[in-house]
Amino acid sequence: MVIQVISAAPLTDDERAKIEKRFSVKHPGQKPVFSYSVDQSLLGGLLVIDGDDFYDASLKRQMTRLVSGEAQTERVQPTPAQQAQRQAVLDKLTEQMRIEPLRPDIGKLMRRLDERIDTFKPDYTGSHAGRVCYSGDGVIRIEGLKDAEYDELLDVEGVKAIAFNLEEDNVGAIVLDDEDKVQAGAIVHSTGRIVEVPVGEALLGRVVNPLGVPIDGLGEVHTDRVRPIEAAAPAIADRGKVNTPLQTGIMAIDAMIPIGRGQRELIIGDRQTGKSSIAIDTILNQKGKGVYCVYVAIGQKSSTVSGLVHTLGEYGALDYTVVVCSTARDSAPMQYIAPYAGCAIAEEFMYAGRDVLIVYDDLSKHAVAYRAMSLLLKRPPGREAYPGDIFYLHSRLLERAAKLSDALGGGSMTALPIVETLAGDISAYVPTNIISITDGQIYLESELFNAGIRPAVNVGLSVSRVGSSAQIKGMRKVSGKLRLDLSQYRELQVFTQFGSDLDAETKRMLDQGARATETLKQPLHASYAVEQQIILLYLINKELLGRVPTDRIGAFNKGFLEYLEVNGSELYGRICANGDVSMEDGIALEELVDAYYAYFFKK
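Each chain has its residues counted from 1, following the order in which its sequence is written. Per-residue local features are limited, in this predicted model, to residues with pLDDT of at least 70; the limit for side-chain atom pairs, both in listing and counting, is 80 or more; totals at the level of whole chains, interfaces and linings are taken over all residues. Hydrogens and water molecules were not included; the side-chain quantities draw on all heavy atoms of the structure.

Peer 1: So what exactly am I meant to see when it comes to the overall build of the protein chain here?
Peer 2: Across its full length, the protein chain holds 19 helices and 20 strands. A fraction of 73% describes how many contacts in the protein chain between residues 6 or more apart in sequence connect residues 24 or more apart. Here the Shrake-Rupley method, with its probe set to 1.4 Å, supplies the accessible areas, and only the displayed protein chains count as covering residues. With the model as given, the accessible surface of the protein chain reaches about 27400 Å², and the carbon-plus-sulfur share is 51%. Think of it this way: any DSSP run of H or I at least four residues long counts as a helix, any run of E at least two long counts as a strand, and we number them from the N terminus. Should any heavy atoms of two residues lie within 4.5 Å, those residues are considered in contact.

Here it is, written out as structure tokens:
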């Protein structure tokens, strides 16, 4: 057995004798060998390494704890300005100490060490610690650190890391800060807590990285509240019914694939089919509805995120939105923790009784980042080289979205995870996993997108398991047979390619389906209020658009809504108030359509 003693200045024979006497008491019946060395970077004091036990009484350690805020009795993290100020003091003292290292006060150190040896309970002078034996590609391996727990936050001489692999002879960890600052031989301490992020309304309108550090150039985030990025999902008894609609403003979704507050609805499709656009339009539609939004960008290009933030600001949505950004140039560990950090920020609002919408864009890149870390840490690969716990990776994230019971405030978190498929293969490993976790999916098809049908929602493969319980009464009435009509229209389209001799009923269904398809087309960032959707779907159900050419359906619908607000303001107000079209209102609506026909065709 070798006990290493490292000091800032050479020790005298008397000092060595005292150290050897104290540590020999800890190992009765053994004759440990003592190894002495000098390391001026300790600045003062000494460091004793006895197996996995580190007795760090160095001045460097105490000053590092002061800078990081670890030495404070209250768990209040120092602000970036305080950290910078403390770091400046540390740098100045470090420069002075390198000129003439402080000799340790052996008497005081021995008394502290004696107390620790007798009780075997470490404090800041004695703790279980380890040393980095390998560092590269954002992962490190640590010898020792036998008290580390899975997902625990580690301190690698001021650099943050997360314990990821707990093996028999070492600990594998992922580095969250600059990995170039971590070198082999660095001392690692466990902290007894997990990664935390700042939360609260102070983050609204800000762009932060997964550690909660602002990256928008607008200064610090002033909040004293933090939440751990990992938390248990609400229990079954703590959940309420998902029966309140979260309106997306997109008619095809609100009518056929309704989303309720507290639901998890997957948006899935190939690259460049409008997945992110649906999520952004949903965020824009929450303006004035009392719903906070969190957008988590995982592995996106910086220019893409910048364009998103500009769009949110242009439409006034940034005031109620937090953007958590981990770009493509960030390390895999930062991309890995990004959705959990965003979820923690959203949970703060949910447990405060607020409704919140969170978008994960996208979980395909998140899975790839997790796979990269797992392979670097030599975890056994499984299907498509993903580790065996890839399902748990996303289930523990998405299960945190819920509608809380009234006893817990009635808040909700609605999750819209996004997954990218390759060549429309929704049976791939990650897509099937997430489909089984979520409460439905919105499938976007490349063929529809390229044909100009946008949003390119495939009605047959899209579903909401909450269904009509998340719709208001009027929407349920007008959207009941819409999905069936569109499905029949798509099937008839295929059959009519082989012949032109069609009966009258088939022609009517094809014509009706084409007009419904045109009605459901919607430009980017042009949302409809739910009352407007009900009115337009009523026109389709009653087949009131038969005289309008198919290519002019969009212009007719837009013009009619404007005409209705001016010439039928009382009727429009009644529909808005009731959320439904009564029989009398329907008759009045049909009369206004006839009146608008004459005006429309004169233009």
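Peer 1: What am I meant to see in the packing of helix H8 (residues 332-350) against helix H10 (residues 390-398) here?
Peer 2: When two helices pack together, their arrangement is captured by the angle between the axes and the distance separating the axes. A fitted line through C-alpha atoms represents every axis, and for helices the fit uses only the stretch in contact; the resulting angles, taken between N-to-C directions, go from 0 to 180 degrees. It is the contact of H8 with H10, at a shortest axis distance of 10 Å, that shows an interaxial angle of 15°. Considering their axes alone, H8 and H10 lie roughly parallel with respect to each other. Of the two possible hands of crossing, H8 and H10 adopt the one that is left-handed. Here Tyr336, Pro339, Tyr340 and Cys343 of H8 lie close against H10, whose contacting residues are Leu393, Arg396 and Leu397. By residue class, the composition of the contact of H8 with H10 is 6 nonpolar, no polar and 1 charged. Orientation labels follow simple angle bins: below 35 degrees gives roughly parallel, above 145 gives roughly antiparallel, 65 to 115 gives roughly perpendicular, and whatever is left gives oblique. Helix crossings are classified by the rotation of the near helix relative to the far one: an anticlockwise turn of less than a right angle makes the crossing left-handed, while a clockwise turn makes it right-handed. Residues are grouped as follows: Ala, Val, Leu, Ile, Met, Phe, Trp, Tyr, Cys and Pro are nonpolar; Asp, Glu, Lys and Arg are charged; every other residue, Gly included, is polar.

Peer 1: Is there a simple way to explain the sheet that holds strand E16 (residues 321-327) in this structure?
Peer 2: Spatially, the 8 strands line up as an open sheet ordered E12-E16-E15-E17-E18-E14-E19-E20, and their pairing is mixed. Two strands in the sheet have a free side with no partner beyond their single neighbour: strand E12 (207-208) and strand E20 (463-464). The criterion for strand pairing is that DSSP finds at least two bridges linking the strands in question. In terms of strand pairing, strand E14 (residues 266-269) meets strand E19 (residues 440-444) through 4 bridges, oriented parallel. Looking at E19, one finds that Ile268 is bridged to Tyr443.

Peer 1: Mind showing me how you'd approach the pattern of salt bridges here?
Peer 2: Side-chain pairs of opposite charge can arise where the charged atoms are in close proximity. Salt bridge, as used here, is a side-chain nitrogen of Lys or Arg placed within 4 Å of a carboxyl oxygen of Asp or Glu. Scanning the model with the defined rule gives 23 salt bridges in all. With a shortest N-O distance of 3.4 Å, Arg141 and Glu167 are connected by a salt bridge. A residue pair is termed long-range when its members are at least 10 positions apart, and Arg141 in strand E6 (residues 139-144) and Glu167 in the loop between strand E8 (159-166) and strand E9 (170-175) qualify at 26 residues. The class of Arg141 is buried, set by a relative accessible area of 15%. Three exposure classes are used, based on accessible area relative to the maximum for each residue type with a 1.4 Å probe and protein chains only: buried under 20%, partly exposed in between, and exposed over 50%. On the basis of relative accessibility, which here comes to 35%, the residue Glu167 falls in the partly exposed class. Residues participating in the shared-partner salt-bridge network are Arg239, Arg264, Glu399 and Asp439.

Peer 1: How should the environment of Ile49 be read in this particular structure?
Peer 2: You can see Ile49 is positioned in strand E3 (residues 46-50). Taking C-alpha positions, Ile49 is 5.8 Å from Ile3, a pair spaced 46 residues apart along the chain. In this view, Ile49 contacts Val2, Ile3, Gln4, Ile6, Phe54 and Arg131; residues no more than four positions away in its chain are not counted.

Peer 1: Please clarify how the packing of aromatic side chains should be interpreted in this entry.
Peer 2: The relative placement of two aromatic rings is captured by the distance of their centres and the angle of their planes. Any pair of Phe, Tyr and Trp rings, taking the six-membered ring for Trp, is counted once the centres come within 6.5 Å. Such a pair is stacked with planes under 30 degrees apart, edge-to-face with planes over 60 apart, and tilted for the rest. Within the structure shown, the criterion is met by 19 aromatic pairs. Their ring planes at 40° and their centres at 5.8 Å tell us that Tyr596 and Phe600 sit as a pair that is tilted. With Tyr596 and Phe600 both in helix H19 (residues 583-602) and 4 residues apart, this pair spans about one turn of that helix. Residue classification places Tyr596 among the buried positions, given a relative accessible area of 1%. Three or more aromatic residues joined by ring pairs form one cluster here, namely Phe556, Phe560, Tyr563, Tyr596, Tyr597, Tyr599, Phe600 and Phe601.

Peer 1: It is not clear to me how helix H7 (residues 302-314) should be interpreted in this structure. Could you clarify?
Peer 2: Two residues of an α-helix separated by three or four positions point the same way, owing to the 3.6 residues in each turn. Between its first and last C-alpha, H7 extends 18 Å over 13 residues, near the 18 Å set by a 1.5 Å rise per residue. In the core, the buried residues of H7 are packed alongside E12, helix H6 (275-284), strand E15 (291-300) and E16. At the exit of H7 stands Gly316, carrying a positive phi of roughly 75°. By this rule, a helix spans an expected 1.5 Å times one less than how many residues it contains.

Peer 1: Hey, could you run me through unusual backbone geometry in this one?
Peer 2: Between Asp361 and the following residue, Asp362, the backbone shows a cis peptide bond with an omega angle of -5°. By the element assignment, Asp362 lies in the loop between strand E17 (355-361) and helix H9 (363-376). Residues Arg454 and Pro455 are joined by a peptide bond in cis, for which omega reads 5°. Here Pro455 shows up in the loop between helix H12 (446-450) and E20. We note that Ala385 has phi near 70°; this positive angle belongs to a residue other than glycine. Looking at the secondary structure, you find Ala385 in the loop between H9 and H10. We note that His525 has phi near 60°; this positive angle belongs to a residue other than glycine. Relative to the assigned elements, His525 resides in the loop between helix H15 (504-520) and helix H16 (530-541).

Peer 1: I'm lost on the side chain of Asp355 in this one. Help?
Peer 2: Structurally, Asp355 can be placed in strand E17. Each polar contact in these results corresponds to two N or O atoms within 3.5 Å; when the atoms are within protein, one needs to be able to donate a hydrogen and the other to accept it, and residues that are neighboring in sequence are counted only if both atoms are side-chain atoms. Within polar-contact distance, the side chain of Asp355 engages the side chain of Arg261 at 2.8 Å. For Asp355, the side chain forms a polar contact with the side chain of Ser412, separated by 2.6 Å. The contact partners of Asp355, leaving out residues within four places of it in the chain, are Arg261, Gly290, Val291, Tyr292, Gly410, Gly411 and Ser412.

Peer 1: Which parts of the structure should I look at to understand the confidence of the model for the protein chain?
Peer 2: Detail in the predicted coordinates should be disregarded across regions flagged by low pLDDT. Each residue carries a pLDDT value, the predictor's own confidence for that position, ranging from 0 to 100. The share of residues in the protein chain with pLDDT of 70 or more is 88%, and the mean pLDDT across the chain is 87. Note on residues 71-76: pLDDT under 50 across the span, and 6 contacts to partners over four residues away in sequence or across chains. Counting contacts from residues 120-125, a segment whose pLDDT is below 50, to residues more than four positions away or on other chains yields 14 contacts.

Peer 1: When you look at H6 in this model, what are you seeing that I'm missing?
Peer 2: Of all the 10 residues making up H6, 8 are buried; the element is thus mostly covered by neighbouring parts of the structure. The complete set of buried residues in H6 reads Lys275, Ile278, Ala279, Ile280, Asp281, Thr282, Ile283 and Leu284.

Peer 1: Even after reading the chapter, I still don't get the pairing of E15, so can you show me in this structure?
Peer 2: If a strand is regular, its side chains alternate between the two faces of the sheet. By the criterion of burial, E15 is predominantly enclosed, with 10 of the 10 residues buried. In this structure, E15 lies alongside E17, joined through 7 bridges in parallel fashion. The partner of Val291 across the bridge, within E17, is Asp355. Pairing of E15 with E16 involves 7 bridges; the strand directions are parallel. Along E16, the bridge assignment pairs Val296 with Val324. By the criterion used throughout, a crossover qualifies as right-handed when its path from the first strand across the helix to the second strand runs clockwise, the strands pointing away from the viewer. Between the parallel elements E15 and E16, the chain passes through H7 in a crossover that is right-handed.

Peer 1: For this particular structure, what's the right way to read the packing of helix H17 (residues 553-567) against helix H18 (residues 569-578)?
Peer 2: Contact geometry for H17 and H18: axes closest at 5 Å, N-to-C directions at 105°. The orientation of H17 with respect to H18, classified from their angle, is roughly perpendicular. Residues Leu564, Glu565, Val566 and Asn567 of H17 touch H18, and the partners they reach there are Ser569, Leu571 and Tyr572. In terms of residue class, the contact of H17 with H18 is built from 4 nonpolar, 2 polar and 1 charged.

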